[in-house]
Amino acid sequence: MQEIIRNIEAAQLKAEVPQFHVGDTVRVYGKIKEGNRERIQVFEGTVLKKQGGSSRETFTVRKNSNGVGVEKTWPLHSPNVEKVEVVRRGKVRRAKLNYLRNRSGKSAKVKELVK
């Protein structure tokens, strides 16, 4: 039974998955359906967490919009996610950045990773 489930999930995986980590600032191009039309909307923010594995893997992105924190969670292998573009790399020491929700201003920033 598990072999059947594994085969179905493997068929749903994307061929090319973007490489990004927690703390990175990313630009997510998401498909949005409005009636019979389809358009792409860009959501740019900091990756708070990545969780799950295989076809169930999701990531959460947070941004500030007009002084209000907005978070969206996307499945990584979803056909509604057109592409994920890394704007800048972040240097963090945590796997999940939930503490950023309580912060505002400069303390809500993530240091940039310089290589």
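Above this text sits the structure in question.
Let me sum up the structure you'll find in this document. (Residues numbered from 1 in each chain as written. Predicted model: local features only at pLDDT ≥ 70, side-chain atom pairs only at ≥ 80, totals over all residues. Heavy atoms only, no water.)

### Here we look at the nonpolar core
The following threshold applies: Joining through side-chain atoms within 4.5 Å is the link that ties buried Ala, Val, Leu, Ile, Met, Phe, Trp, Tyr and Cys residues into a set, and such a set is a nonpolar core. Only protein chains enter the calculation, and the probe is 1.4 Å; a residue is then buried if its accessible area is under 20% of its type maximum, exposed if over 50%, and partly exposed in between. To qualify as a helix, a DSSP run of H or I must reach at least 4 residues; to qualify as a strand, a run of E must reach at least 2; elements of each kind are numbered from the N terminus. Whether two residues are in contact is decided by their heavy atoms, any of which lying within 4.5 Å being enough.
Counting 11 residues, the largest nonpolar core is built from Phe20, Val26, Val28, Phe43, Val47, Phe59, Val61, Trp74, Leu76, Val81 and Val84. Looking at this core, the elements that each hand over two or more residues are strand 1 (25-34), strand 2 (37-51), strand 3 (58-65) and strand 5 (81-88). Filtering out sequence-adjacent residues up to four positions away, Phe20 remains in contact with Val26, Val47, Lys50, Phe59, Leu76, Val84, Val86 and Arg89. Among the nonpolar cores identified, the runner-up in size contains five residues, and Leu48, Leu97, Leu100 and Val110 belong to it.

### So, unusual backbone geometry
Among all residues save glycine, negative phi is the norm, and among peptide bonds the norm is trans. Its identity as a non-glycine residue notwithstanding, Asn66 has a phi of 55 degrees, on the positive side. One can find Asn66 in the loop between strand 3 and strand 4 (68-75). With a relative accessible area of 79%, Asn66 lands in the exposed category.

So far we have only geometry, and geometry alone does not tell us how the molecule works.
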